[in-house]
Amino acid sequence: MPVITPELLTRFDVPGPRYTSYPTADRFVETFGEADYLAALEQARQTHAGQGMAAQPLSLYVHIPFCASLCYYCACNKIITRRHERSAPYLQTLAREVDLQLPHLGGKRAVSQLHLGGGTPTFFNDAELTALMQMLGERFDFAPGGEYSIEIDPRTIDAQRLATLKGLGFNRLSLGVQDFDPAVQQAVHRIQPYARVAELMAQARVLGFDSINLDLIYGLPRQTAESFQRTLAQVTELRPDRIALYAYAHLPGRFMAQRRIHAEQLPPAPAKVGMLAAALAAFEDAGYIYIGMDHFALPDDALAQAKRQGKLHRNFQGYSTQPDCDLIGLGVSAIGKIGAAYSQNAKTLEDYQAALDQGCLPVVRGLTVSPDDLVRRAVIMALMCQGRVDFSAIEQAHGIGFGDYFAPELQQLQQLARDGLVELPEGGIRVTEMGWFFVRGVAMVFDRYLQDARNRARFSKII
């Protein structure tokens, strides 16, 4: 691992997009609605038909918003309730949403990627999860060898439920850990002992899940350098296949749950930088490969293999080994991508259900991207996924002269080159090994919407 100085970490301790899309979701407009979404579906179908080729497999995201308890750090779209009877009506509404789309998808389409997120997907009981997967299986054709993942709250799962998930076809698990220190867990209202997570991971391995991910957050209240070091040691002892390491962004003005966190208990910025540096060192010592941004994987994991082969892709579900494809977002607040269009569903359960009760898709905002957006998306995703840009490939695909089109951006890259984050060989850009740790900052150079610093404040910190 390259030597990353505290000065460099501090300089890049600034807000920036995660680039699960470009343009990012904050650019979506409310003038985009159901008609625009259906037009995008029809355009995609005509494109495949005109090329005489079968449509690519889809990616599905299903948002399950319910949580039994409130985690104070959470910035997700969620509904806190202990009324489990709310699940059945939501399942029925999801089915109506799918059925409204099927005629526009051109029949029973193949799916190579499914992710259940939330909220807490395991808020659904086993019968409800079974009903959900049966509903989807009747309407889509799940391809062998696909990525089928579910986010898990360890407090809501046991060995029997893990076996049910495996039987339903899930082959990847993501466990929300955040931190193992009891004081930190108490401060964020999420108590889950290390022994509980260790037991679940052991059981999941016996069942043969392909990959297990653990989510961690640094910068939480009551975290110290010493306590976080203990958490890192426990995580590397568990040896998950993948690790996602996020920086906590304290935005109580936007997220009401965070108002329960005492700001004076948050570690100062230098301490956060130290925690990140400690995590990078711990994961390197444990043999993990840095995938990009805040993701790590063991060398034999499919994500690490995809990075070595230059086959990484990125969508609203994060880094993926699956080829770039259309994404159907289902459920409250879910985001989708069809061709050159992005869409997002209604953010409240009431608005979501009301639209479907009227026989309408619940699309309330989105964006049809411009030619400039498309070329910038190609550059940003090449940086985020492959760590390099081939000027000639961009020029041929988009009909531009790269040097002229991006003259100001190439000038900005000169400073990043002096920092050792990129190299600028003739006809291209290459992110260095050290630059991978700041790849969001490199990609931001090409983001037309970030010219005004005020537009950056709504994002989490890069590190």
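The rules behind the values
- Residues numbered from 1 in each chain as written.
- Predicted model: local features only at pLDDT ≥ 70, side-chain atom pairs only at ≥ 80, totals over all residues.
- Heavy atoms only, no water.
- Helix = DSSP H or I, 4+ residues; strand = E, 2+ residues; numbered from the N terminus.
- Rg over C-alpha atoms; globule rule 2.2 N^0.38 Å.
- Contact = heavy atoms within 4.5 Å.
- Areas by Shrake-Rupley, 256 points an atom, 1.4 Å probe, with all protein chains shown as cover.
- Lys, Arg positive; Asp, Glu negative; His and termini not counted.
- Charge placed at Lys NZ, Arg CZ, Asp CG, Glu CD.
- Axes fitted to C-alpha atoms, helices over the stretch in contact; angles between N-to-C directions.
- Parallel < 35°, antiparallel > 145°, perpendicular 65-115°, else oblique.
- Left-handed = near helix turned anticlockwise from the far one by under 90°.
- Nonpolar A, V, L, I, M, F, W, Y, C, P; charged D, E, K, R; others polar.
- Buried < 20%, exposed > 50% of the residue type's maximum accessible area, 1.4 Å probe, protein only.
- Core = buried A, V, L, I, M, F, W, Y, C linked by side-chain atoms within 4.5 Å.
- Pairing = 2+ DSSP bridges.
- Salt bridge = Lys/Arg side-chain N within 4 Å of Asp/Glu carboxyl O.
- Polar contact = N/O pair within 3.5 Å; in protein donor to acceptor, adjacent residues only side chain to side chain.
- Phe/Tyr/Trp six-rings, centres within 6.5 Å; stacked < 30°, edge-to-face > 60°.
- Lys NZ or Arg CZ within 6 Å of the ring centre and 35° of its normal.

**Describing the overall build of the chain**
Step number 1: Looking only at helices and strands, the chain has 16 helices and 19 strands in total.
Step number 2: Relative to the globule expectation of 23 Å for 463 residues, the C-alpha radius of gyration of the chain, 22 Å, shows essentially globular dimensions.
Step number 3: C-alpha extents for the chain along the principal axes are approximately 55 × 55 × 40 Å.
Step number 4: Long-range pairs, those at least 24 residues apart, make up 74% of the contacts in the chain with a sequence separation of at least 6.
Step number 5: For the chain, the accessible area works out to roughly 19,200 Å², and carbon and sulfur atoms hold 53% of it.
Step number 6: Side-chain charges of the chain comprise 45 positive and 49 negative groups, with the mean position of each set lying 3 Å from the other.

**Side note on the packing of helix α7 (residues 194-207) against helix α8 (residues 225-238)**
Step number 1: Close contact between α7 and α8 brings their axes to 11 Å; oriented N to C, the two are set at 20 degrees. Regarding the angle of α7 to α8, the classification is roughly parallel. In the packing of α7 onto α8, the handedness of the crossing is right-handed. Judged by residue contacts, Tyr194, Val197, Ala198, Met201 and Arg205 of α7 engage Gln234, Glu237 and Leu238 from α8.
Step number 2: A per-class count over the contact of α7 with α8 returns five nonpolar, one polar and two charged.

**Notes on the environment of Pro268**
Step number 1: Inspection of the secondary structure puts Pro268 in the loop between β8 (242-247) and α9 (269-285).
Step number 2: Classification of Pro268 by relative accessible area gives exposed; the value is 52%.
Step number 3: Taking the C-alpha atoms as reference, Pro268 lies 8.1 Å from Gly219; in sequence the two are 49 residues apart.

**Focus: the environment of Pro144**
Step number 1: Structurally, the position occupied by Pro144 is in strand β5 (residues 140-152).
Step number 2: Taking the relative accessible area as the measure of exposure, Pro144 reaches 82% and is therefore exposed.
Step number 3: Considering only alpha carbons, one finds Pro144 and Ser112, 32 residues apart in sequence, at a separation of 7.7 Å.

**Some points on the nonpolar core**
Step number 1: One finds Leu136, Phe283, Phe402, Ile429 and Phe446 to be the most contacted residues of the largest nonpolar core, which totals 125 residues.
Step number 2: Judged by nonpolar contacts, the second largest core, of 13 residues, contains Tyr73, Val184, Leu220 and Tyr248.

**Remarks on the sheet that holds strand β17 (residues 388-390)**
Step number 1: The strand order across the open sheet built from three strands is β17-β19-β18, with neighbouring strands paired in antiparallel fashion. The open sheet has two edge strands with one neighbour each: β17 and β18 (422-423).
Step number 2: Examined bridge by bridge, β18 and strand β19 (residues 428-431) share two bridges and lie antiparallel to one another. Residue pairing in the sheet places Val422 in a bridge with Val431 of β19.
Step number 3: Here helix α12 (residues 371-386) sits on the sheet and contacts β17 and β19; the angle it forms with β17, its principal contact strand, is near 135 degrees.

**Concerning the side chain of Arg440**
Step number 1: One can find Arg440 in helix α16 (residues 439-444).
Step number 2: Buried and without a salt bridge, Arg440 has Asp294 as its closest oppositely charged side chain, separated by 4.4 Å.
Step number 3: Of the polar contacts made by the side chain of Arg440, one reaches the backbone oxygen of Gly16; its length is 2.4 Å.

**Examining the pairing of strand β6 (residues 172-178)**
Remark: a regular strand shows side chains that alternate across the two faces of the sheet.
Step number 1: The element β6 is extensively covered by neighbouring structure, given that seven of its seven residues are classed as buried.
Step number 2: Of the two faces of β6, both are covered, the one formed by Arg172, Ser174, Gly176 and Gln178 as well as the one formed by Leu173, Leu175 and Val177.
Step number 3: The pairing of β6 with strand β7 (residues 211-218) spans six bridges and is parallel. Looking at the pairing, Ser174 lines up with Asn213 of β7.

**Points about the side chain of Gln178**
Step number 1: In this structure, Gln178 sits in strand β6.
Step number 2: Reaching out from Gln178, the side chain makes a polar contact with the side chain of Tyr73 at a distance of 3.3 Å.
Step number 3: Excluding residues within four positions of it along the chain, Gln178 makes contact with Tyr73, Arg190, Asp215, Leu216, Ile217, Leu220 and Gln223.

**Details of the packing of aromatic side chains**
Step number 1: Scanning the entire structure with this criterion turns up 17 aromatic pairs.
Step number 2: Seen from their ring centres, Phe406 and Phe446 are 5.2 Å apart, and the 80 degrees between their planes marks the pair as edge-to-face. Placement of the pair is Phe406 in the loop between α14 (402-405) and α15 (407-418) and Phe446 in the segment after α16, with a sequence separation of 40 residues. Of the two residues examined, Phe406 and Phe446, each falls in the buried class.
Step number 3: Counting every residue linked through ring pairs, the aromatic cluster contains Phe283, Tyr288, Tyr290, Phe296 and Phe437.
Step number 4: A cation over an aromatic ring shows up here: Lys307 above the ring of Trp436, its NZ or CZ 4.1 Å from the ring centre.

**Some remarks on unusual backbone geometry**
Step number 1: Geometrically, the link from Tyr22 to Pro23 is a cis peptide bond, its omega value of -5 degrees lying close to zero.
Step number 2: When you line up the elements, Pro23 lands in the loop between α1 (6-11) and α2 (34-50).
Step number 3: In the segment running from Gly118 into Gly119, the intervening peptide bond is cis, with an omega of 25 degrees.
Step number 4: For Gln178, which is not glycine, the phi torsion reads 70 degrees and is therefore positive.
Step number 5: A relative accessible area of 8% means that Gln178 is categorised as buried.

**Considerations on the pattern of salt bridges**
Step number 1: Considering all chains together, one arrives at 16 salt bridges under this definition.
Step number 2: Arg96 serves as the salt-bridge partner of Asp357, at 2.8 Å between the closest nitrogen and oxygen. With a gap of 261 residues between them, Asp357 in helix α11 (residues 349-357) and Arg96 in helix α3 (residues 87-105) connect regions that are remote in the sequence.
Step number 3: A salt bridge links Asp301 to Arg242, with the nearest nitrogen and oxygen atoms 2.7 Å apart. Here the residue Asp301 occupies a position in the loop between β10 (295-297) and α10 (302-309), and Arg242 occupies one in strand β8, the gap between them amounting to 59 residues. With respect to burial, Asp301 and Arg242 carry one shared label: buried.

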